[in-house]
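So you can see what is in the structure, the chains are spelled out below.
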Amino acid sequence: MNAIDIHVHHRWTDLAERPDYQIERTRFLALQSGIDKVLLLTMGGGTSPEELRERNDCTLRLMEEAPDFFLGAMYLSAAHDAADIRAEAARCVEAGMVGIKQGLEVNARNEGVDPIAEAAAEHGIPIVFHAWYKTVEVFEHESNASDIADLARRHPDTRIIMAHLTGVNRRGVQDIEDLPNVWVDTSGGWYDSEMVEYAVRHLGAERVVYGSDYPGRDYAPQIGRVLGAGLGEEDREKILWRNAAGLLGLDSDAS
Amino acid sequence: MFDVNVGCGVWPFRPTPPADAASLTAWLRAEGITRACAYPLEAYLWPDPQEANELRLPELAESDFFVPSAVLNPTLPGWAKAYRRCRGEWGVPLVRLLPNYHLYELAAPGVDELAGQAAADGVVLGVHVRAEDKRMQNPIAKVPPFPIDDVVALARRHPDLRVVAFGFGRLWDRCELAPPELVKELQRRPELERKADLPRNMWIELSFFEHESSLASALKLFPAERLLFGTNAPLFYPRANVLKIKNSEAPEGVKDAVLRTNAEELLGGRA
């Protein structure tokens, strides 16, 4: 089985303090569940441009250590100047990063995200954007799927991977159904039956990608929801790696 | 594999695959599960869960695949009669409580009486602390998780009773059983010297337990012989929880205990 996990967090934020055990586990456990490559995501909310560069450098260091396994997504901050955003995006793409991560601290409707979306389009890389429809515990600036849809309409040339299928649930799938520049990843809470099939019925398997949200979540049950869903093998293959390979600019025959 | 957490029937809040006894048997067998302890799903919301028991337990009890289990509400005046019928008619070895859906505390009148009766009869008492993710519940039916510490207290009050906590979930749910400073160490260290203070008469079912490498994390907190495999089907894809255990780096003997023998010893069966 081939699989690319498009939603894996790492917690290395200070170059001087590499969390060796956690990083070793990030790779070992993925391979244990048949995952060949992971897209590493870092967090950058509340950071200065210098601090953010260091966090992205930690990701780059991991990519250098295991170039066949670790893919990297940069973090860009909507709180930073547009010029800083453009410069950091160009630097990280030049160094080999293939995506951008956006988290909880800025809503997708915020115009501060626009320079990030423009950088994504300019470099031809996707944004993995946190989203959720919650009935409780909603964070102040947290995006829901309608916010992601708004961003996608403002930037039709930007490709967005909306995180957390089960989190955004059926309403979220419908929010993006008519937006061909938005994909959804399969992560988000537990493994509710019928959810993957619902996304495939509404979006097509071409717009669903496997993601785990490791290490808050566990690779094995998260990939289990894709392996256990009622899908044809061709659709399953698209979700597990073929779609991700296309989004991240990998050679899809080589995965 | 012996799955201890299967709901039979109709879940009211969203579609699931067909979950009558025959459909569940086919679905779970296809995942390699050879025996399952099931309860009536309708019991969550019906005003008298005994009506759900009456609906589902006959077909579960007839099956070679299922171990039937009943849901009771010990705050109802008729709980003892329902208990006797479920024991006498269908031989249930496990009675489940859904206190957060039936709106009572484990200190409520009736709970200790039921616990004492179950202990005397050798019946296992299960407490479901959650059925679904509280963040995506239907907004007209927000049901917070039930505190696991209250289940621990029940187990301590009844040392001769065997108690199972079903649905213990995310480790950042604040609780005394797995305090935050202990949880923080899970991902940083290969081993932990200090485990959770689990009563000797209590088991943890793992369908909602998820953290990094879930079984490995659970083993840092709890003894292997107190862990039980459950799928929470039909609400979850069974494959998710099968792989949670099978793909773990835990020794094969530990995996076999969690997947099968712990449940056999607790509930009997022919898995």
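Everything discussed here concerns the structure shown above.
Anyway, here's the lowdown on the structure attached to this text. (Residues numbered from 1 in each chain as written. Chains lettered and ligands numbered in written order. Predicted model: local features only at pLDDT ≥ 70, side-chain atom pairs only at ≥ 80, totals over all residues. Heavy atoms only, no water.)

**Examining the side chain of A:Thr166**
- Relative to the helices and strands, A:Thr166 is located in helix H6 (residues 165-176).
- For A:Thr166, the side chain forms a polar contact with the side chain of A:Arg225, separated by 2.6 Å.
- Among residues more than four places away in sequence, those in contact with A:Thr166 are A:Ser187, A:Gly188, A:Trp190, A:Asp192, A:Met195, A:Arg225 and B:Met136. (Helix = DSSP H or I, 4+ residues; strand = E, 2+ residues; numbered from the N terminus. Polar contact = N/O pair within 3.5 Å; in protein donor to acceptor, adjacent residues only side chain to side chain. Contact = heavy atoms within 4.5 Å.)

**Considerations on the packing of helix H2 (residues 49-62) of chain B against helix H3 (residues 79-90) of chain B**
Residue and element names in this part refer to chain B.
- For the pair H2 and H3, the least separation of the axes is 11 Å and the interaxial angle reads 10°. Considering the angle they form, H2 stands roughly parallel to H3. Each of Gln-50, Asn-53, Glu-54, Leu-57, Pro-58 and Ala-61 in H2 lies in contact with H3, whose residues at this interface are Ala-82, Arg-85, Cys-86 and Trp-90.
- Tallied by class, the residues present in the contact of H2 with H3 amount to six nonpolar, two polar and two charged. (Axes fitted to C-alpha atoms, helices over the stretch in contact; angles between N-to-C directions. Parallel < 35°, antiparallel > 145°, perpendicular 65-115°, else oblique. Nonpolar A, V, L, I, M, F, W, Y, C, P; charged D, E, K, R; others polar.)

**Brief notes about the packing of aromatic side chains**
- Here the structure, examined in full by the defined rule, presents 13 aromatic pairs over all chains.
- Geometrically, the ring pair formed by A:Tyr191 and B:Phe236 is edge-to-face, given 5.1 Å between the ring centres and 75° between the ring planes. Taken together, the positions of A:Tyr191 in the loop between strand E7 (182-185) and helix H7 (195-203) and B:Phe236 in the loop between strand E9 (227-228) and helix H9 (238-246) put the pair across two chains.
- We classify A:Tyr191 as buried; its relative accessible area is 0%.
- The class of B:Phe236 is buried, set by a relative accessible area of 1%.
- For the pair A:Tyr214 and A:Tyr219, a centre-to-centre distance of 4.3 Å together with 5° between the ring planes defines the contact as stacked. Summarising the burial analysis for this pair, A:Tyr214 and A:Tyr219 share the class buried.
- By the ring-pair criterion, three or more aromatic residues cluster together here, those being B:Trp11, B:Phe13, B:Tyr39, B:Tyr44 and B:Tyr101. (Phe/Tyr/Trp six-rings, centres within 6.5 Å; stacked < 30°, edge-to-face > 60°. Buried < 20%, exposed > 50% of the residue type's maximum accessible area, 1.4 Å probe, protein only.)

**A closer look at the interface of chain A and chain B**
- In this assembly, 41 residues from chain A lie in contact with 41 residues from chain B.
- Both faces combined, the contact of chain A with chain B buries some 3500 Å², and carbon together with sulfur accounts for 53% of it.
- The largest share of the area that chain A buries against chain B comes from A:Thr135, A:Trp190 and A:Tyr191, three residues that together contribute 21% of it.
- Here chain A and chain B share five salt bridges between them.
- Put simply, A:Asp192 and B:Arg14 hold a salt bridge, and the shortest N to O gap is 3.6 Å.
- Where chain A meets chain B, there are 26 residue pairs in polar contact (both at pLDDT 80 or more).
- Mapped by element, the contributors of at least two residues to the side of chain A that touches chain B are helix H1 (20-32), H6, H7 and helix H8 (219-227) of chain A.
- Per-element tally for the side of chain A that touches chain B: the top contributor is H8(A), with eight residues.
- Grouping the constituent residues of the side of chain A that touches chain B by class yields 18 nonpolar, twelve polar and eleven charged. (Buried area = accessible area lost by both parts, 1.4 Å probe. Salt bridge = Lys/Arg side-chain N within 4 Å of Asp/Glu carboxyl O.)

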